[in-house]
Amino acid sequence: MEYNFKEIEQKWQAWWVEHKTFNVSNVTDKPKFYVLDMFPYPSGAGLHVGHPLGYIASDIYSRFKRHKGFNVLHPMGYDAFGLPAEQYAIQTGQHPAVTTAKNVARYREQLDKIGFSYDWSREFKTCDPSYYKWTQWVFLQLFDHWYNKQTQKAEPISQLVAEFAHNGNLDVDAVCGNVPTFYAEVWKGMDESEKQDILMNYRLAYLADTLVNWCPELGTVLANDEVKDGLSERGGHPVVQKKMQQWSLRITAYAQRLLDGLDDVEWSESLKEMQRNWIGRSEGATLFFNLVGKPDKIEVFTTRPDTIHGATFMVLAPEHPLVKKITTDEQADAVAEYVQETSKRSERDRMTDTKRVSGAFTGAFVLNPFTGNLLPVWISDYVLVNYGTGAIMAVPSGDSRDYAFARKFGMPIIPIIEGQEISTTSHDAKEGKMINSGILNGLEVKDAIRKINDEIEGRGLGSIKVNYRLRDAIFSRQRYWGEPFPIYYKDGVATALSENELPLTLPEISEFLPTEDGQPPLGRATDWTSPDGFPFELSTMPGFAGSSGYYLRYMDPQNNEEFVSKEANEYWQDVDLYIGGTEHAVGHLIYSRFWNKFLYDIGMVCKSEPFRKLVNQGMIQGRSNFVYRVKGSQTFVSYNLRNDYDTTPLHVDVNIVQNDVLDTEAFRNWLPEYANAEFILEDGKYICGWEVEKMSKSKYNVVNPDRVVEEYGADTLRMYEMFLGPLEQSKPWDMNGIEGVHKFLRKFWRNFYNVEGQLQLTDEEATDAELKILHKTIKKISDDIERFSFNTSVSAFMIALNELAALKCKKRSIFEPLVILVHPFAPHITEELWIALGNTAGAISDAEWPEFDEDVLKEANILYPVSFNGRKRCDIEISAAADAAEVERFVLASEIAQKWLEGKTPKKIIVVPGRIVNIVL
Ligand code: ANZ
């Protein structure tokens, strides 16, 4: 009987749906295991073979865990709000909901063909009102909580209000905006809108004027992780800095916990390091410098207070609020021009471009409190307004940016470390003995820091401070295709809808563009007002809103009363294995952890970290093919002859190339301009050149998994994707090896059936050699899966099959367990073989994973090298079970030992069991 993968795969895919094979229950005695893929954004292009790589890996792991007796949650859904559908809507007028539904259907169809064990009953799209109701709900909770530094957790705003009425904010230690201290009486005397203004400074979701990344082309604000090198990540449009009133999430309140939590998760060190850098903790001090002739002070943040004697100027961020106030008339024009110039540069550019040295002098001076020197105050774009205090003391001898600035603008450079060589560069290392530094002279840097910190605090010049690079997350987007904020403006005061008014569904609008007067698209909606007629917020939430807590919703997706019930959360707890790309390292993976920690604080979830183990799959690159056209002609030269002519390489669709041989007829039909192509062949074939590049439409190297499934079957696709190489490495898609994997499956199949199509496995007892092959394979596959080393598993299967073929093994006791081992990789063929073996249909998913028996691999006999007076004379085979006395007896009785003994009685016999025997005569 032939291996008819088409029939088998369709049959089992339908069977699984009908029998709900992969639906999991929240009520069971089994231990839980939660395996999650980063859910996809369903783009118009559909899936290419790179996308399922991680999904296949997680599916193998899920099926493996189920064999091991776990109740496995393996869900899938769609991150369905977002820019591309809206951009498409702007161009075509097609409603984003329609495009999204279409794309989702296409994704689902493609996914279904690969035979994943997803529990589709838990599927959702983040743009479903029944889902985003809960995104809005979490927002309301954030709006209704503040961060108490004393308890280190989020607490209800109502408690804060009670405290204000009782004692003002004197004893409140919060992560908050700039709020003056007030007494209870003052609070009580405020009107409602004043009170709300104060509270806004405390809320974890708050409205504030912020400097944002504004993308005029997209008409929206973008988060820092959505901007790369001054361009929007989506579309590559320029991004400028702009001050706007925006919703933000006070994620900075969680900076330290986000940092600490990294110690408790099993993520790659490189990913943890990326998060640590993004959070960017630094310990230092804030210090005040008095302005000369003005009442104001400049507060700086420094990690090197010990270098203060080397400070020779000050630098403010061009946006610093003091700039206007302190700039002298003479410098006003230069300063204004520089401020204007800076507004065009994104924060990222300013941080990364260290070559450009620029600035303007304000005309103001401050007094160095330690040296009494006057320091000129400059502005420059290398100082960022949102970091630290937005102002620095510049120490050219200790900081390379300050050094470059001093060199360019002719500022003094004072050495402060003994032996410091500063003629061409600064000495940034935090080490050495202090000089030219008054009370610090002679001290090592770390002692100097301690001493100066004491001085600073003692003299009331400033205080010790920990700073984080992490910023609050800007949460408003001036776009249509996102979650509406459950907020309306009651006489201008941002007011929350109540929980029972959720979801606030997106209104219909006529055009997906900003209004004529620059309002976001929701400004076009009619009746976009609260029940009592107040206008709703016009911005929508960003892409990361819907993906920040989605893993929780899978635990309890149909619950209409709660985001996730306590029982469901306590059963599933957290994601045991999360698989996805590294591109989410500092976006989604930070937001989710923050979201989760907040929900943990309010008692919604029982684990403070959402993703226990994280595996990043590598990228699948494209393997492009090339044809070589003779310049100015329609003649194409085969690869090895290309240098004999003057040719230009051109991309050719990889789908009309097989093993680098071009289908010349298909080529003529591919694009109209090639209809009359002529070919110069080698050995009767047209050989294409190839190169590894990003998989992309423009390079004609996109391979659609549907095509592979059609040609070879899903089981081959799954195994081949794993066979390509280590999961975490990037590698090119190369169809040239797929035949080998496909042949393996055919060969596997042929072991079960004879030519008449009858099952040919026998019930004969397996030999030791056959058992050894089986158990070696059980061990290898189990270990490999646990280590996510799926490529080596596929090779191990191939080896096992070849070894069994050499022994002509056709025994059920060997092949039945092998079917289970192969099942996570190739679920369709193994389902079919499983019933052929007389088992119940579908039961393979719950079949117990074969037990590895170490004893089988142990050799029954051991070949002992036997020495006489230290010289090896012979080898004697003795049972591995024999103890030292038995080995001694056996050796002495053996004929060969008798010969070497020459009738003598040994003085001593040394036996190392399992190893050697030495006889001393
Ligand atoms: C004086 C000094 C002397 C500094 C020295 C460094 C070396 P991290 O580790 O990143 O926190 N800085 C402070 N605020 C800044 C801002 N808003 N924009 C740009 N730079 C800023 O770095 C802290 C150091 O970066 C601070 O310590 C300050 O320069 C600078 F030998 O102060 B330092």
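Everything discussed here concerns the structure shown above.
Quantities reported herein were computed from a predicted structural model and do not represent experimental measurements. (Residues numbered from 1 in each chain as written. Predicted model: local features only at pLDDT ≥ 70, side-chain atom pairs only at ≥ 80, totals over all residues. Heavy atoms only, no water.)

Trainee: I would appreciate a short explanation of the sheet that holds strand S22 (residues 611-616) in the present structure.
Mentor: Ordered by their spatial adjacency, four strands build an open sheet running S2-S1-S21-S22, and the pairing between neighbours is parallel. Of all the strands in the sheet, just strand S2 (71-73) and S22 have a single pairing partner and so form its edges. Taking each pair of neighbouring strands and ignoring which way they run, the sheet shows an average axis angle of 20°. By the bridge criterion, three bridges tie strand S1 (residues 32-37) to strand S21 (residues 575-580) in an arrangement that is parallel. Bridged to Asp37 within S21 is Ile579. (Pairing = 2+ DSSP bridges. Helix = DSSP H or I, 4+ residues; strand = E, 2+ residues; numbered from the N terminus. Axes fitted to C-alpha atoms, helices over the stretch in contact; angles between N-to-C directions.)

Trainee: Even after reading the chapter, I still don't get empty space enclosed by the protein, so can you show me in this structure?
Mentor: Applying the stated criterion to the full structure yields six cavities of 30 Å³ or more. A volume near 160 Å³ is recorded for the largest cavity. As for the largest cavity, its lining consists of 17 residues, and the residues nearest its centre are Arg623, Asn625, Val654, Val657 and Met735. Listing elements by their share of the lining of the largest cavity, those giving two or more residues are strand S23 (620-630) and strand S26 (657-658). Of all the elements, S23 adds the most residues to the lining of the largest cavity, at three residues. Residue classes in the lining of the largest cavity are distributed as six nonpolar, seven polar and four charged. By volume, the second largest cavity is sized at about 80 Å³. Lining the second largest cavity, in full, are Phe22, Val24, Ser62, Arg63, Arg66, Val72, His74, Ser117 and Asp119. Per-element tally for the lining of the second largest cavity: the top contributor is helix H2 (residues 52-67), with three residues. Split by residue class, the lining of the second largest cavity holds three nonpolar, three polar and three charged. (1 Å grid on protein atoms, 1.4 Å probe; cavity = no way out; pocket = protein on both sides within 12 Å on 5 of 7 lines; lining within 4 Å. Points joined across faces, edges and corners; volume = space filled by probe spheres on them. Nonpolar A, V, L, I, M, F, W, Y, C, P; charged D, E, K, R; others polar.)

Trainee: Looking at this model, I keep getting lost on the side chain of Arg477. Mind explaining?
Mentor: With respect to the helices and strands, Arg477 occurs in the loop between strand S18 (473-474) and strand S19 (487-490). The class of Arg477 is buried, set by a relative accessible area of 5%. Discounting chain neighbours no more than four positions away, the residues touching Arg477 are Thr220, Val221, Leu222, Ala223, Glu226, Ser539, Thr540, Met541, Pro542 and Phe544. (Buried < 20%, exposed > 50% of the residue type's maximum accessible area, 1.4 Å probe, protein only. Contact = heavy atoms within 4.5 Å.)

Trainee: Mind showing me how you'd approach the environment of Tyr41 here?
Mentor: Tracing the chain through its elements places Tyr41 in the loop between S1 and H2. Its relative accessible area of 17% is what places Tyr41 among the buried residues. Residues within four places of Tyr41 in sequence aside, it is in contact with Asp79, Ala80, Phe81, Gly82, Pro84, Ala85, Tyr107 and Arg234. Engagement of the side chain of Tyr41 in a polar contact is seen with the backbone nitrogen of Ala85, the distance being 3.1 Å. (Polar contact = N/O pair within 3.5 Å; in protein donor to acceptor, adjacent residues only side chain to side chain.)

Trainee: Would you explain the site of the ligand in this entry?
Mentor: Within the structure, the ligand sits among 18 residues, and Ser282, Thr302, Leu384, Tyr387 and Arg469 are positioned closest to it. Thr302 places a polar side-chain atom, nitrogen or oxygen, 2.7 Å from an oxygen atom of the ligand. Between the ligand and the protein, one listed contact pairs a nitrogen atom with a backbone N or O atom of Leu384 at 2.7 Å. Comparing atom positions with the cavity grids shows the ligand to sit within the second largest pocket. Taken together, the elements giving at least two residues each to the shell around the ligand come down to strand S12 (297-302) and strand S16 (391-394). (Near = heavy atom within 4 Å. Sits in = over half its atoms within 2 Å of the grid points.)

Trainee: Would you mind going over the nonpolar core with me for this structure?
Mentor: Across soluble globular proteins, nonpolar side chains show a tendency to be buried alongside one another. Judged by nonpolar contacts, the single largest core of 178 residues is most densely connected at Trp247, Phe475, Tyr550, Leu599, Trp733 and Phe815. The biggest single contributor to this core is helix H5 (residues 129-143), with nine residues. (Core = buried A, V, L, I, M, F, W, Y, C linked by side-chain atoms within 4.5 Å.)

Trainee: How do you make sense of the layout of surface pockets when you look at a structure like this?
Mentor: Taking a probe equal in size to a water molecule and rolling it over the atoms shows the remaining empty space. Taken as a whole, the second largest pocket spans an internal volume of roughly 850 Å³. Along the walls of the second largest pocket sit 36 residues, with Thr303, Ile392, Asp399, Arg401 and Arg469 positioned nearest its centre. Looking at the lining of the second largest pocket, the elements that each hand over two or more residues are strand S11 (281-290), S12, helix H13 (347-352), S16 and helix H14 (400-409). For the lining of the second largest pocket, the leading source of residues is H14, giving four residues. Its residues placed into classes, the lining of the second largest pocket shows 13 nonpolar, twelve polar and eleven charged.

Trainee: For this particular structure, what's the right way to read the packing of aromatic side chains?
Mentor: Note on aromatic pairs: each is described by the distance of the centres and the angle between the planes. According to the stated counting rule, one finds 75 aromatic pairs in the structure shown. The ring centre of Tyr206 lies 3.9 Å from the NZ or CZ of Arg250, which sits over that ring. The ring of Tyr628 carries the charged tip of Arg642 above its face, separated from the ring centre by 5.5 Å. (Phe/Tyr/Trp six-rings, centres within 6.5 Å; stacked < 30°, edge-to-face > 60°. Lys NZ or Arg CZ within 6 Å of the ring centre and 35° of its normal.)

Trainee: How should I be thinking about the environment of Val323 in this particular structure?
Mentor: Along the chain, Val323 falls in helix H11 (residues 322-326). What makes Val323 buried here is its relative accessible area of 4%. Remark: the alpha-carbon pair of Val323 and Leu443, spanning 120 residues in sequence, is separated by 36 Å.

Trainee: Before we go on, may I ask you to explain the packing of H2 against helix H22 (residues 714-723) in this structure?
Mentor: Packed helix pairs are specified by the crossing angle of their axes together with the interaxial distance, meaning the distance between the axes. At a minimum axis separation of 10 Å, H2 and H22 run at an interaxial angle of 105°. Viewed along their axes, H2 and H22 adopt a mutual orientation that is roughly perpendicular. Taking contact as the criterion, the partners of Pro52, Leu53, Ile56, Ala57, Asp59, Ile60 and Arg63 in H2 are, on H22, Leu717, Arg718, Glu721 and Met722. Residues that form the contact of H2 with H22 fall into these classes: seven nonpolar, no polar and four charged. (Parallel < 35°, antiparallel > 145°, perpendicular 65-115°, else oblique.)

Trainee: Looking at this model, I keep getting lost on the side chain of Thr100. Mind explaining?
Mentor: Within the secondary structure, Thr100 is located in helix H4 (residues 96-112). Beyond its immediate chain neighbours, meaning those up to four positions away, Thr100 contacts Ala80, Ala85, Cys127 and Trp481.

Trainee: Help me out: how do you make sense of the sheet that holds S16 in this one?
Mentor: Sheet strands pair via backbone hydrogen bonds, and the direction of the pair is either parallel or antiparallel. Judged by pairing direction, the sheet is mixed, and its four strands sit side by side in the order S14-S15-S13-S16 without closing on themselves. Sheet topology places strand S14 (360-367) and S16 at the edges, where each strand pairs with a single neighbour. Between one strand axis and the next, the sheet turns by 25° as a mean value, whatever way the strands run. Alignment of strand S13 (residues 313-316) against strand S15 (residues 374-379), held across three bridges, turns out to be parallel. Considered in S15, the bridge of Leu316 is made with Ile379. Lying on the sheet, helix H12 (residues 332-342) is in contact with S14 and S15; it crosses S14 at an angle near 110°.

Trainee: Teacher, can you tell me more about helix H1 (residues 5-18) here?
Mentor: Each full turn of the α-helix corresponds to 3.6 residues, which orients residues three or four apart in the same direction. With 14 residues, H1 should reach 20 Å at 1.5 Å per residue; the first-to-last C-alpha distance of 20 Å fits that figure. Where H1 is concerned, the buried positions are Phe5, Ile8, Glu9, Trp12, Gln13 and Trp16. The arc enclosing the buried residues of H1, seen along the axis, measures out at 125°, which places them on a common side. Exposed and facing more than 90 degrees away from the buried side of H1 are Glu7, Gln10, Val17 and Glu18. Contact partners of the buried residues in H1: H2, H4, helix H21 (705-712), H22, helix H23 (738-752) and helix H27 (827-836). Backbone geometry just downstream of H1 places Lys20 in the positive-phi region, at approximately 50°. (Expected span 1.5 Å × (residues − 1). Arc of directions from axis to C-beta.)

Trainee: Looking at this structure, how should I read the pattern of salt bridges?
Mentor: Where charged atoms from two side chains of opposite charge come close, those side chains can pair. A complete count under the given rule lists 53 salt bridges for this structure. Note that Arg524 and Glu511 form a salt bridge whose closest N and O atoms lie 3.5 Å from each other. Pair noted here: Arg524 is in the loop between strand S20 (493-496) and helix H16 (543-547) and Glu511 is in the loop between S20 and H16, with a separation of 13 residues, a long-range link. Across the pair Arg787 and Asp784 runs a salt bridge whose closest N-O atoms are separated by 2.7 Å. Here Arg787 falls in the exposed class, since its relative accessible area comes to 52%. By relative accessible area, which is 0% here, Asp784 ends up buried. (Salt bridge = Lys/Arg side-chain N within 4 Å of Asp/Glu carboxyl O.)

Trainee: What's the story with H27 in this structure? I'm lost.
Mentor: Most of H27 is tucked away: eight of the ten residues are buried. Every buried residue of H27 is listed here: Pro827, His828, Ile829, Thr830, Glu831, Glu832, Leu833 and Trp834. Looking one or two residues beyond H27, the residue adopting positive phi is Gly838, at roughly 95°.

Trainee: Help me understand the environment of Arg787, please; the structure alone is not making it clear to me.
Mentor: Within the secondary structure, Arg787 sits in the loop between helix H24 (768-786) and helix H25 (790-806). Sequence-wise, Arg787 and Pro305 are 482 residues apart; in three dimensions their C-alpha atoms are separated by 47 Å. A distance of 2.7 Å separates a polar atom in the side chain of Arg787 from a polar atom in the side chain of Asp784.

These values are about where atoms sit, not about what they do.
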